Amino acid sequence: MSKGGLSDMPVRNLGPKSQEEAPPTAAKNGAPAAGERPAERYKRLPTGTHGLDPEEVQRDQRERLRTAMVELIARRGYRAVRILDVTKLARVSRPTFYTLYADKEALFLDAYDEISGRAAKAVLDAYEAEGSEGEHLRVAIHAFAALAADEPEAMSLFVLGAFGAGAKALERRNRTLEALEQIIRMSRDPASTERRTDLTVKVLLGGVREVTAARLRHGRSSDLPDLVGELAGWAASYPLKLPAGLEGSSPPRRRKTDVDPDLTSERARAAEGRLPSGRHALSRKFIIKNQRERIVDATAATVATKGLGGLTIPEIARRANVSHQTFYEIYPTKLDAFLGALKIGMHQALRVSGEAFDAHKDDWPRAVSAGLHPLIDYLTSEPAHAHLSLVDTFAASPDAIEIRDAALQSFSAYLAPGYELAAKSRPVPPIASEAITGGIWQVLHDYIDTGRVAELPDVAPQVVYLALFPFLGSRAAAKAARLRPDALS
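Residues numbered from 1 in each chain as written. Predicted model: local features only at pLDDT ≥ 70, side-chain atom pairs only at ≥ 80, totals over all residues. Heavy atoms only, no water.

1. Points about the overall build of the protein chain
- A count of helices and strands for the protein chain gives 23 helices and 0 strands.
- Scored against the burial criterion, the 489 residues of the protein chain give a buried share of 53%.
- Considering only contacts within the protein chain whose residues lie at least 6 apart along the sequence, 72% involve residues at least 24 apart.
- About 22,500 Å² of surface is accessible on the protein chain, with carbon and sulfur atoms providing 54% of the total. (Helix = DSSP H or I, 4+ residues; strand = E, 2+ residues; numbered from the N terminus. Buried < 20%, exposed > 50% of the residue type's maximum accessible area, 1.4 Å probe, protein only. Contact = heavy atoms within 4.5 Å. Areas by Shrake-Rupley, 256 points an atom, 1.4 Å probe, with all protein chains shown as cover.)

Below is the structure:
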């Protein structure tokens, strides 16, 4: 959470004409009360003289607009929401809307900042209370789960963003998580510095976020309070410090503007260019396969460098060196091309990881290590596909999230044998494999999103350790983590 908190956009004094748009009396912190009707939620004070401070009126108008925005996004999706819809539901006039917000995106970001700020404050207030480290984590996770259970629509914006809302919401989410991570990491280990790469807290926050997001996506927010004990037990099991040799130094984070825009892999560059025209011996099947691959690579490269908003069919066709007609013969829409690229990227990642895991499945710790190293190598070698799969998914569509979820479930299954190994020596909460997978996803996401995908192999041993620790304990997990990649082949 950035210290700036809520957006403080300048507004002019509205005066008497806004008297009819007085504050809602039923809405609480931008969330509908249980069983509350819209007329109650967005209730206006009586017209005429009411003696309210104009600034207070404006604050409550903003609150009504934020509440309406969250409600409509949950109901229709961001792209389908119009300013007219928001003002009608919030019972705020359109002229008043434009004195408060420049456009729909500005309102969305204000709503996002409000819920993310409250979520971060709830977690930090709980975490900083007196008690042991395990108690800190339990009460902080409970505070987060309670907020998600009480306000699922608002918290869905925080943990998921909104499809079609652009990259700014995800940037805000990342800033909030980075601030939380730094505060919790310094609290766990006061000697911690920015130059030390300890990914433990990042994995913990990513795990809690992923478990929460999964319940919110499937309308099961009421399950979250019951999972607090499992999540806290998993999180509290990790030591405050990593074993010697697994920590490393880390250069300062690079801003995305510093990232080399050319994310095309060597494989994709080798495949660029049109196939021979005229008479040739190439089969139709080979031609279509080649064109599809070039379109998929072009889609990934476009999204990685220009964002989902910059993805257009002319741009894909230009990069892929195919005609518009050829594009439409293979993919009906640009979203279909995006989903095609996502499926192929996820399939390749699962394939290289699964093959390596299966080669050592009789030695589970070694198999997990063997599976994670080629996964990270694949992401490093295919930065455009890595960016599309791990960074841009949430901005695309519900279909993209389903593809991502299926991949996460497949990775989580590789951790299942660990429960049997741990059964006789240490209790492992059932939620651990799901949380670990979410935590690893967060690590990969952050390195890719900040233009540091090439550094992932350096932290691969630590990722292996954090995946294995809850099942094996520190010594055995560290032993598997220190296996050199060339010894795993």
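2. Overview of the packing of aromatic side chains
- Under the criterion given, the structure shown has 15 aromatic pairs.
- Considering the side-chain rings of Tyr78 and Phe108, the 5.2 Å spacing of their centres and the 70° angle between planes classify their relative orientation as edge-to-face. Residue Tyr78 is located in the loop between α2 (54–76) and α3 (83–90), and its partner Phe108 is located in helix α5 (residues 104–127); the two are separated by 30 residues in the primary sequence.
- By relative accessible area, Tyr78 is classed as buried at 8%.
- Relative to Tyr331, the ring of Phe327 has its centre 6.3 Å away and its plane inclined at 45°; by these criteria the two rings are tilted. Take Phe327 and Tyr331: they sit in the same class, and that class is buried.
- Ring pairs connect the aromatic residues Tyr78, Phe108, Tyr112, Phe144 and Phe158, which therefore count as one cluster.
- Above the plane of the ring of Tyr101 lies Arg62, whose end atom (NZ or CZ) is 5.0 Å from the centre.
- Here the basic side chain of Arg452 rests over the ring of Tyr447, its NZ or CZ set 4.4 Å away from the ring centre. (Phe/Tyr/Trp six-rings, centres within 6.5 Å; stacked < 30°, edge-to-face > 60°. Lys NZ or Arg CZ within 6 Å of the ring centre and 35° of its normal.)

3. What about the nonpolar core?
- Membership of the largest hydrophobic core comes to 144 residues, with the highest contact counts inside it found for Phe108 and Trp234.
- Looking at which element gives the most residues to this core, the answer is α5, with 13 residues.
- In this structure Phe108 touches Met69, Ile73, Tyr78, Leu157, Ala162, Ala165 and Ala169, once residues within four positions along its chain are discounted. (Core = buried A, V, L, I, M, F, W, Y, C linked by side-chain atoms within 4.5 Å.)

4. Remarks on empty space enclosed by the protein
- Per the stated rule, a full pass over the model turns up 6 cavities of 30 Å³ or more.
- By volume, the largest cavity is sized at about 290 Å³.
- Looking at the largest cavity, it is lined by 24 residues, and the ones nearest its centre are Leu372, Leu375, Phe411, Ile440 and Leu444.
- Of all the secondary-structure elements, those providing two or more residues to the lining of the largest cavity are α15 (334–359), α16 (364–381), α17 (383–390), α18 (398–413) and α20 (432–449).
- When residues of the lining of the largest cavity are assigned to their parent elements, the largest contribution, 7 residues, is made by α16.
- When its volume is computed, the second largest cavity comes out at roughly 210 Å³.
- If you go around the second largest cavity, you meet 15 residues; those closest to its centre are Val123, Ile141, Ile184, Leu205 and Val208.
- Going through the elements one at a time, α6 (133–150), α8 (168–188) and α9 (200–217) are the ones with two or more residues in the lining of the second largest cavity.
- Top element by residues in the lining of the second largest cavity is α9. It accounts for 5 residues.
- Grouping the amino acids of the lining of the second largest cavity by side-chain chemistry returns 14 nonpolar, no polar and 1 charged. (1 Å grid on protein atoms, 1.4 Å probe; cavity = no way out; pocket = protein on both sides within 12 Å on 5 of 7 lines; lining within 4 Å. Points joined across faces, edges and corners; volume = space filled by probe spheres on them. Nonpolar A, V, L, I, M, F, W, Y, C, P; charged D, E, K, R; others polar.)

5. Focus on the packing of α5 against α8
- It is the contact of α5 with α8, at a shortest axis distance of 10 Å, that shows an interaxial angle of 15°. Between α5 and α8, the interaxial angle falls into the category roughly parallel. For α5 against α8, the interelement crossing comes out right-handed. Residue-level inspection shows Glu105, Phe108, Leu109, Tyr112, Asp113, Ser116, Ala120, Val123, Leu124 and Tyr127 of α5 in contact with α8, the latter providing Lys168, Ala169, Arg172, Arg173, Thr176, Leu180, Ile183, Ile184, Ser187 and Arg188.
- Residue classes in the contact of α5 with α8 are distributed as 11 nonpolar, 3 polar and 6 charged. (Axes fitted to C-alpha atoms, helices over the stretch in contact; angles between N-to-C directions. Parallel < 35°, antiparallel > 145°, perpendicular 65-115°, else oblique. Left-handed = near helix turned anticlockwise from the far one by under 90°.)

6. Some remarks on α3
- Burial within α3 is extensive, with 6 of its 8 residues counted as buried.
- Three or more residues of α3 are buried, namely Ile83, Asp85, Val86, Thr87, Leu89 and Ala90.
- Trailing α3 by a residue or two, Arg91 shows a phi angle of about 60°, which is positive.

7. Description of the packing of α8 against α9
- Two elements in contact, α8 and α9, have axes whose closest approach is 9 Å; the angle formed by their N-to-C orientations is 130°. In terms of axis orientation, α8 runs oblique to α9. α8 and α9 meet at a crossing whose hand is right-handed. For the pair α8 and α9, contact is made by Arg173, Leu177, Leu180, Glu181, Ile184, Arg185 and Arg188 and by Thr200, Val201, Lys202, Leu204, Leu205 and Arg209, respectively.

8. Quick word on the confidence of the model for the protein chain
- When pLDDT is averaged along the protein chain, the result is 81, and 80% of the positions lie at 70 or above.
- Counted against residues more than four places away or in other chains, residues 1–31, with its pLDDT under 50, gives 84 contacts.
- The low-confidence segment residues 254–260, where pLDDT is below 50, has 7 contacts with residues more than four positions distant or belonging to other chains. (pLDDT = per-residue confidence, 0-100.)

9. Observations regarding helix α12 (residues 284–306)
- Given a rise of 1.5 Å per residue, 23 residues ought to cover 33 Å, and the 32 Å separating the end C-alpha atoms of α12 matches this to within 8%.
- Positive backbone phi, at 85°, marks Gly307, one or two positions downstream of α12. (Expected span 1.5 Å × (residues − 1).)

10. Section: the pattern of salt bridges
- Tallied over the full model, the rule gives 25 salt bridges.
- Between Glu71 and Arg75 there is a salt bridge, and its shortest N-O distance comes to 2.7 Å. With Glu71 and Arg75 both in helix α2 and 4 residues apart, this pair spans about one turn of that helix.
- Judged by relative accessible area, which is 8%, Glu71 ranks as buried.
- Of the charged contacts in the structure, one is a salt bridge between Glu434 and Arg215, with a shortest N-O distance of 2.5 Å. Here Arg215 lies in helix α9 and Glu434 lies in helix α20, a separation of 219 residues in the sequence.
- On the accessibility criterion, Arg215 (9% relative accessible area) is buried.
- A cluster of three or more residues bridged by salt bridges with shared partners is formed by Arg209, Glu210, Arg217, Arg404 and Asp405. (Salt bridge = Lys/Arg side-chain N within 4 Å of Asp/Glu carboxyl O.)

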